[in-house]
Amino acid sequence: MMEVYLDNNDSTKMLPEVLEAMMPYFTESYGNPASLHKLGLDAETALDEARATIAECIGAMPQEIYFTSGATESNNLALNGLRLQHPGKKHVIVSPIEHASIRNIVKRWEKEGLVEVSYLKVDEDGIVDPESLRELIRDDTLVVSVIHASNEIGSIQDLRALSEICNEHKTFLHTDAAQTLGKIPMNMKELGVHAASFNAHKMHGPKGIGVLYLKKRTKLRRFFEGSPQEEGVRPGTQNVPGAVGFAKALEIALRDMDEYRPRIDELTKKLADQLLGIEYTRLNGPEVGEKRLPGNINITYRYIEGEAILMMLNMKGVYVSSGSACSSRSLVPSHVLTSIGLLHEEAHGSIRYSLSRLTTDEEIEYTVAQTKEVVQKLRAMTAFVPEKHSERESEKAQTFYRKKAD
Ligand SMILES: *Cc1c(COP(=O)(O)O)cnc(C)c1O
C-alpha cells in the first residue's frame, strides 16, 4: 500500500544531509560546550557556528539567538520573561488563532488575575485586522503576540503593519513563527518584531530544538534558574547536535527554495482544486497563494466527521490531521476554525493536508482518489440528505456554500 505523509505542519521527515551534519556531535565531539578542554571547545565552536548561520538566515545578530528545546519553550520564555521583567504592565493582546502554547499561557494569566487579555479581530480568512490592534492597544499593554502563519489554516500575518503600531506605543511584539521558518524568507529587522519563536522539526530538522530570537536590548527576567548558558535566558547544557541540525535544516531550506517551492505550490493548488470539486466542501483560510503558508490546505467536508475521515484515510495509508494536533484528540472544536466563523459541526468536519518538498505528484493523485472514496462512503453511511440539512444551516454557513456554488 502507498503511504502518503501529509501532516508536515505537525512534523517533517529529517533530511539525510541534516542527520549527517549532526552525527559527529553525538559520536565524536560530544563534550559539554561549557567545558574547557578540546572536546568542550569543539562543541562550543559548533554551537557558535550554528548560531551565526541561523542569525544570518533570519537577518539577526548571533547575540540575538537563544537555543531552546522548541517553539513551545521559546513562547513560554518570551511571554513569561517579559511579564516578570515588566510587572507594572497588566494587559496583553493576542490573536484568536494562536497555537496552544501561547493561548494557554495568556488564559492562565487571566485566570490567575495577573493580566487582562484582549483578542484581535480576524477576517473570515484568519487575517488580523491591524485597525483592531489600534483600538485595543493601551499604555499598559505589555506585549502583542501574533502567530506568523497559522498551523491550521495557513493565514500569514502582516507583522510589519502590526509592529508599526506596537512601536508607536512602545509595546513589545512577539511572533510564533514555527510554521514560516524555512518556508518563506524572513528578516527580523524588516518584520520589526522584538521576539520570535522557532523550531527545527517543521522544516526537516530534528525535534527538541528551538530558537528564541530576542532583539538587542529586549530584556527578559530569568524564568529558569541554573548555570549561565544562553546568557541565563535558557540555562542548561545546550543540545549541540540539535543546534547543528537546526542550522543545517534552515540553510538547506533556503538554499533549495527556488527549486522546490514552485513544485509545492503547484501540488498544493492541484490538491485544493480537486478536493474542492467534491460537493459541499469549503477551503478554510486564504486562497492558495501569497497570503497562505506554502503547502497548507484545510478543507471542511460538510455533513461528516473529520475524525472519521482521518481514520479511514489512515487505513488507506494517507496521513492527515483534523484541526490541530492538540485539539484533534478532544471533542472541543478547533478555536481557530470557530474564530473564522465556522459552526461547531463544520469545524468537526475539517481536515488539514500539509505538503512538503518530499511530496510527489503520485501521492497527491492517490490522496485525491482516496479522499473522494472516503467522503462518499461516509456520507452514504450517515444517510446524508443535504436539502434537509441545509434548512438548519446558519445564515453564515449558507453564504459559504452558496458562494462556492456560484
Ligand atoms: C509546532 C508548533 C509549535 C510547537 O513547537 P514545538 O517545537 O513542538 O514545541 C508552536 N507553534 C506553532 C505555530 C507550531 O506550529
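Computed from a predicted model, the values in this text were never measured in an experiment. Residue numbering note: each chain is counted from 1, following its sequence as written. Only residues with pLDDT of 70 or above have their local features reported here, since the model is predicted, and side-chain atom pairs are shown and tallied only from 80 upward, although totals for entire chains, interfaces and linings are computed over all residues. Just so you know, side-chain values use all the structure's heavy atoms and leave hydrogens and water out.

1. What about the pairing of strand E3 (residues 91-94)?
Of the two faces of E3, the one carrying His-91 and Ile-93 and the one carrying Val-92 and Val-94 are both buried. For two strands to be treated as a pair, DSSP must find no fewer than two bridges joining them. Numbering of helices and strands starts at the N terminus; helices are DSSP runs of H or I of at least 4 residues and strands are runs of E of at least 2. By the bridge criterion, 4 bridges tie E3 to strand E4 (residues 116-119) in an arrangement that is parallel. For Val-94, the partnering residue across the bridge sits in E4 and is Tyr-119. Handedness of the β-α-β unit built from E3, helix H5 (residues 100-111) and E4 comes out right-handed. Note that E3 and strand E5 (residues 141-147) share 4 bridges and pair parallel. The partner of Val-92 across the bridge, within E5, is Val-143. Each residue gets one of three labels from its accessible area relative to the maximum for its type: buried under 20%, exposed over 50%, partly exposed in between, using a 1.4 Å probe on protein chains only. The path from the first strand over the helix to the second decides the hand: if it runs clockwise while the strands point away from the viewer, the crossover is right-handed.

2. Regarding helix H7 (residues 159-168)
Three or four residues apart is the spacing at which side chains of an α-helix point the same way, because the helix has 3.6 residues per turn. Looking only at H7, the buried set comprises Leu-159, Ala-161, Leu-162, Ser-163, Ile-165 and Cys-166. In this fold, the buried residues of H7 make contact with helix H6 (130-136), E5, strand E6 (172-176) and helix H8 (188-191). Positive backbone phi, at 50°, marks Lys-170, one or two positions downstream of H7. Residue contacts are defined here by distance: any two heavy atoms, one from each residue, within 4.5 Å place the two residues in contact.

3. Overview of the pattern of salt bridges
Salt bridges, as used here, are contacts in which a Lys or Arg side-chain nitrogen is within 4 Å of a carboxyl oxygen on Asp or Glu. Within this structure, the stated rule accounts for 23 salt bridges. One salt bridge connects Arg-234 with Glu-73, and the closest N-O pair in it is separated by 2.7 Å. Highlighted residues: Arg-234 in the loop between strand E8 (210-214) and helix H9 (240-255) and Glu-73 in helix H4 (residues 71-85), separated in sequence by 161 residues. Neither Arg-234 nor Glu-73 differs from the other in exposure class; each is buried. Among the charged side chains, a network of salt bridges with common partners joins Glu-17, Arg-255, Asp-256 and Arg-357.

4. Section: the domain arrangement of the protein
Parsing the protein into structural domains produces domain 1 (4-9 + 258-402) and domain 2 (16-253). An automatic or database domain assignment supplies the start and end points of every domain. Spacing between the C-alpha centres of domain 1 and domain 2 amounts to 29 Å. Contacts between the two partners involve 28 residues from domain 1 and, on the opposite side, 28 residues from domain 2. A simple way to read buried area is as the amount of 1.4 Å-probe accessible surface that goes missing from two parts once joined, with both sides added. Buried area between domain 1 and domain 2, summed over both chains or domains, comes out near 2200 Å², and the portion from carbon and sulfur atoms is 55%. When the buried area of domain 1 at its contact with domain 2 is split by residue, Leu-293, His-335 and Val-336 rank highest and sum to 25% of it. Here domain 1 is connected to domain 2 by 0 salt bridges. For this analysis, a polar contact is any N or O atom pair within 3.5 Å, provided that within protein one partner can donate a hydrogen and the other can accept it, and provided that sequence-adjacent residues contribute only side-chain to side-chain pairs. Between the two partners, domain 1 and domain 2, sit 12 residue pairs in polar contact (both at pLDDT 80 or more). Elements represented by at least two residues in the side of domain 1 that touches domain 2 include exactly helix H10 (257-275), strand E10 (296-301) and helix H12 (335-339). Considering each element in turn, the side of domain 1 that touches domain 2 owes the most residues, 4 residues, to H12.

5. A few points about the packing of helix H3 (residues 38-57) against H9
Interaxial angles span 0 to 180 degrees and are taken between N-to-C directions of axes, which are lines fitted to C-alpha atoms, for helices over the stretch in contact. Interhelical geometry of H3 versus H9 gives an angle of 30° and a closest axis separation of 9 Å. Judged by the inter-axis angle, H3 sits roughly parallel to H9. Between H3 and H9 the crossing geometry is left-handed. From H3, Ala-43, Ala-46, Leu-47, Ala-50, Thr-53, Ile-54 and Cys-57 reach across to H9, where they touch Val-240, Ala-243, Val-244, Phe-246, Ala-247, Leu-250, Glu-251 and Leu-254. Reported orientations rely on four angle classes, namely roughly parallel under 35 degrees, roughly antiparallel over 145, roughly perpendicular from 65 to 115, and oblique for the rest. By convention the crossing between two helices is left-handed if the near helix lies anticlockwise of the far one by an angle smaller than a right angle, and right-handed if it lies clockwise.

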